[in-house]
Amino acid sequence: MTPSPAPTASTGVELPDALLCARAVAGDQYAFQALIRRHAPAMRSYAIRLTGSTADADDVLQETFIQAWRKLDTLEDAAKVRSWLMTLTSRKAIDLIRTRKPNVPIDDVAETHAKEQTPEQSAITGSEIGALAKALKTLPKQSQEIWVMREVGGSSYQEIAELLDISPASVRGKLARARIKLVQEMEGWDS
Amino acid sequence: MNTHIPLETLSNWLEDEHSGNHSPQHLLTGLHIHHCPTCTQRLEALQRLERVTNDLVTEEENKQASDSSWLDTMLSNLVLETKAGRSIPLTAHHELDTLTQTEGSVIAAIRRAGESLPGALVSRCRLDGDVEAPRTPINVEITASVREGSSVADITRELRERVRKELERISELNVEQINITVEDMHSFDIEQATKNLKDSPHAP
């Protein structure tokens, strides 16, 4: 459960994203890698949730890293690099999902999740988290995508709307209904 | 049931509560929730969902961070384009040879030489002038950061010296001026951590 040490752990200082960004924009690949190392775990768990497959998520991440390196100089506020990387991840993941051949079986994220939990973790949070993971599977595909983009990716309604080609109001409505469905599934709510 | 707030409205109300959208309608709804046990209960269920959602997101991220062998593999396979920039001609010893070096490699060398100096970090570096025309005078523009407590005058003088020597060693550029702008101050720890980036076991 402990995150891997940051590359700067030897001196106990965490370099700010802004400094790493500035150096990466100036062509410093070491700084770029440090930046990626910091945010990749969030990007990967997000991509796995979106695509439903570790292999697909890794393809998404490879492409996202390359694009991030090329476009980093267009990022206006270096403090927002994390949400910028998550947005790039959404775009690449949605592209991949849309071009994927139908009927190709994909890993079941919820099952994988349940299997990979240690008994200790399961005992503490497993029941609730497991129930949520299970409930997520009952959502319609698009509602699942919206929920993941909002809750895991931290995207705005506007961003989600653009990616899915629907209106922001529709995103808000579907998200609210998705949450209600999740609560109903998890708590046996009557509606 | 009809007197209660529709579930969808309740969920949106919670979103507005977080985003600070406190319209009169929002406040009225809030008042109702406060006095209605059923709506309060439902709101609490939605709040529990928020908490479990956070737990799920954190747990899945931590899981990825705890075993990062996938990341090591991915980063070692990652090929990033270097920003080559312009081609700088070099003197060839044989007439038929055409030798050049990239602007990117010269800038990288300037950065390395500059940062070999304790107290200095090179933020940006630019070659100003027509580097593609041999022997044309050019200027080097460096933006640097100086460690807190050190003398800006000493650091810039020594930085200029190291960069000049390095350029003489690795290039044939006709450098007229090396202009250094000190834009920032940094701590000892930040400097160490920045210089350690290259020495990290995961460095490319």
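It should be noted that the structure appears before, not after, this text.
Calculation rules
Residues numbered from 1 in each chain as written. Chains lettered and ligands numbered in written order. Predicted model: local features only at pLDDT ≥ 70, side-chain atom pairs only at ≥ 80, totals over all residues. Heavy atoms only, no water. Helix = DSSP H or I, 4+ residues; strand = E, 2+ residues; numbered from the N terminus. Buried < 20%, exposed > 50% of the residue type's maximum accessible area, 1.4 Å probe, protein only. Areas by Shrake-Rupley, 256 points an atom, 1.4 Å probe, with all protein chains shown as cover. 1 Å grid on protein atoms, 1.4 Å probe; cavity = no way out; pocket = protein on both sides within 12 Å on 5 of 7 lines; lining within 4 Å. Points joined across faces, edges and corners; volume = space filled by probe spheres on them. Nonpolar A, V, L, I, M, F, W, Y, C, P; charged D, E, K, R; others polar. Core = buried A, V, L, I, M, F, W, Y, C linked by side-chain atoms within 4.5 Å. Domains from an automatic or database assignment. Contact = heavy atoms within 4.5 Å. Buried area = accessible area lost by both parts, 1.4 Å probe. Salt bridge = Lys/Arg side-chain N within 4 Å of Asp/Glu carboxyl O. Polar contact = N/O pair within 3.5 Å; in protein donor to acceptor, adjacent residues only side chain to side chain. Pairing = 2+ DSSP bridges. Axes fitted to C-alpha atoms, helices over the stretch in contact; angles between N-to-C directions. Parallel < 35°, antiparallel > 145°, perpendicular 65-115°, else oblique. Left-handed = near helix turned anticlockwise from the far one by under 90°.

Observations concerning the overall build of chain A
Scanning chain A from terminus to terminus reveals 9 helices and 0 strands. What you see in chain A, going N to C, is helices and strands ordered as α-α-α-α-α-α-α-α-α. Across the 191 residues in chain A, those meeting the buried criterion constitute 49%. Surface exposure of chain A reaches about 9,000 Å², of which carbon and sulfur atoms provide 51%.

Some thoughts on the layout of surface pockets
Approximately 890 Å³ is the volume found for the largest pocket. Lining of the largest pocket is provided by 34 residues; of these, Arg 23, Ala 26, Gly 27 and Asp 28 of chain A together with Arg 111 of chain B occupy positions nearest its centre. When residues of the lining of the largest pocket are traced back to their parent elements, those giving at least two are helix H1 (17–25) and helix H2 (29–51) of chain A together with helix H5 (103–115), strand E3 (120–128) and strand E5 (174–186) of chain B. A class-by-class count of the residues in the lining of the largest pocket yields 14 nonpolar, 10 polar and 10 charged.

What to know about the nonpolar core
Membership of the largest hydrophobic core comes to 78 residues, with the highest contact counts inside it found for Phe 32, Phe 65, Leu 72, Trp 84, Leu 132, Trp 147 and Leu 182 of chain A. Ranked by the residues each element gives to this core, the list is headed by H2 of chain A, at 12 residues. In this structure, this core is formed jointly by two domains, domain 1 (7–75) and domain 2 (87–198) of chain B, each of which donates at least three residues. Ignoring anything within four residues of it in the chain, the contact list for Trp 84 of chain A reads Ala 68, Lys 71, Leu 72, Thr 74 and Leu 75 of chain A. In this structure, Cys 125, Ile 142, Ile 155 and Val 163 of chain B belong to the second largest nonpolar core, which totals 23 residues.

Digging into empty space enclosed by the protein
Gaps left between atoms show up when a probe the size of a water molecule is rolled over them. By the definition in use, this model includes 2 cavities of 30 Å³ or more. Estimated volume of the second largest cavity: approximately 50 Å³. Looking at the second largest cavity, the residues that line it are Arg 179 of chain A together with Ser 11, Leu 14, Glu 15, His 18, Leu 46 and Glu 50 of chain B. Only helix H1 (7–19) and helix H3 (37–66) of chain B provide two or more residues apiece to the lining of the second largest cavity. Considering every element that reaches the lining of the second largest cavity, the biggest residue donor is H1 of chain B, with 4 residues. Split by residue class, the lining of the second largest cavity holds 2 nonpolar, 2 polar and 3 charged.

Thoughts on the interface of chain A and chain B
On the side of chain B, 56 residues touch chain A, which itself brings 68 residues to the contact. Around 5,900 Å² of area is buried between chain A and chain B when both sides are counted, 61% of it from carbon and sulfur atoms. If you sort the residues of chain A by the area they bury against chain B, Arg 23, Tyr 30 and Arg 37 of chain A come out on top, with a joint share of 13%. Our count for the contact surface shared by chain A and chain B stands at 11 salt bridges. Here Glu 15 of chain B makes a salt bridge to Arg 179 of chain A, at a shortest N to O gap of 2.8 Å. Linking chain A with chain B are 14 residue pairs in polar contact (both at pLDDT 80 or more). When contributions to the side of chain A that touches chain B are tallied by element, the ones reaching two or more residues are H1, H2, helix H3 (54–71), helix H5 (109–116), helix H6 (119–136), helix H7 (141–151) and helix H9 (168–187) of chain A. Looking at which element gives the most residues to the side of chain A that touches chain B, the answer is H2 of chain A, with 15 residues.

Examining the sheet that holds E3 of chain B
Residue and element names in this part refer to chain B. Sheet architecture is open: 3 strands sit in the order E3-E4-E5, paired in mixed fashion. Every interior strand has two partners, whereas the edge strands, E3 and E5, have only one. The mean angle between the axes of side-by-side strands here comes to 20°, regardless of whether they run parallel or antiparallel. By the bridge criterion, 8 bridges tie E3 to strand E4 (residues 137–147) in an arrangement that is antiparallel. Within E4, the position partnered with Cys 125 by the bridge is Ile 142. The sheet strands contacting helix H6 (residues 152–170) are E3, E4 and E5, and the helix crosses E5 at an angle near 140°.

Examining the pattern of salt bridges
Scanning the model with the defined rule gives 31 salt bridges over all chains in all. For Asp 16 of chain B, the salt bridge identified is with Arg 172 of chain A, shortest N-O distance 3.2 Å. Taken together, the residues span two chains, with Asp 16 of chain B in helix H1 and Arg 172 of chain A in helix H9. Here Arg 172 of chain A falls in the partly exposed class, since its relative accessible area comes to 24%. With a closest N to O distance of 3.2 Å, Glu 8 of chain B and Arg 177 of chain A form a salt bridge. Of the two residues, Glu 8 of chain B sits in helix H1 while Arg 177 of chain A sits in helix H9, which places them in two different chains.

Examining the environment of Leu 61 of chain A
Relative to the assigned elements, Leu 61 of chain A resides in helix H3. Residues Leu 61 of chain A and Ala 47 of chain A, 14 residues apart in the sequence, show an inter-C-alpha distance of 7.7 Å. Setting aside its immediate chain neighbours within four residues, Leu 61 of chain A contacts Ala 40, Met 43, Arg 44, Ala 47 and Thr 89 of chain A together with Trp 70 and Met 74 of chain B.

Here we look at the packing of H1 of chain A against H2 of chain A
All names here are of chain A. Two elements in contact, H1 and H2, have axes separated by 8 Å at closest approach and are oriented at 140°. Relative to H2, the element H1 lies oblique. Crossing hand, H1 versus H2: left-handed. Of H2, the residues touching H1 (which contributes Asp 17, Leu 20, Cys 21, Arg 23 and Ala 24) are Ala 31, Phe 32, Ala 34, Leu 35, Arg 38 and His 39. Classifying every residue of the contact of H1 with H2 by side-chain character gives 7 nonpolar, 1 polar and 3 charged.

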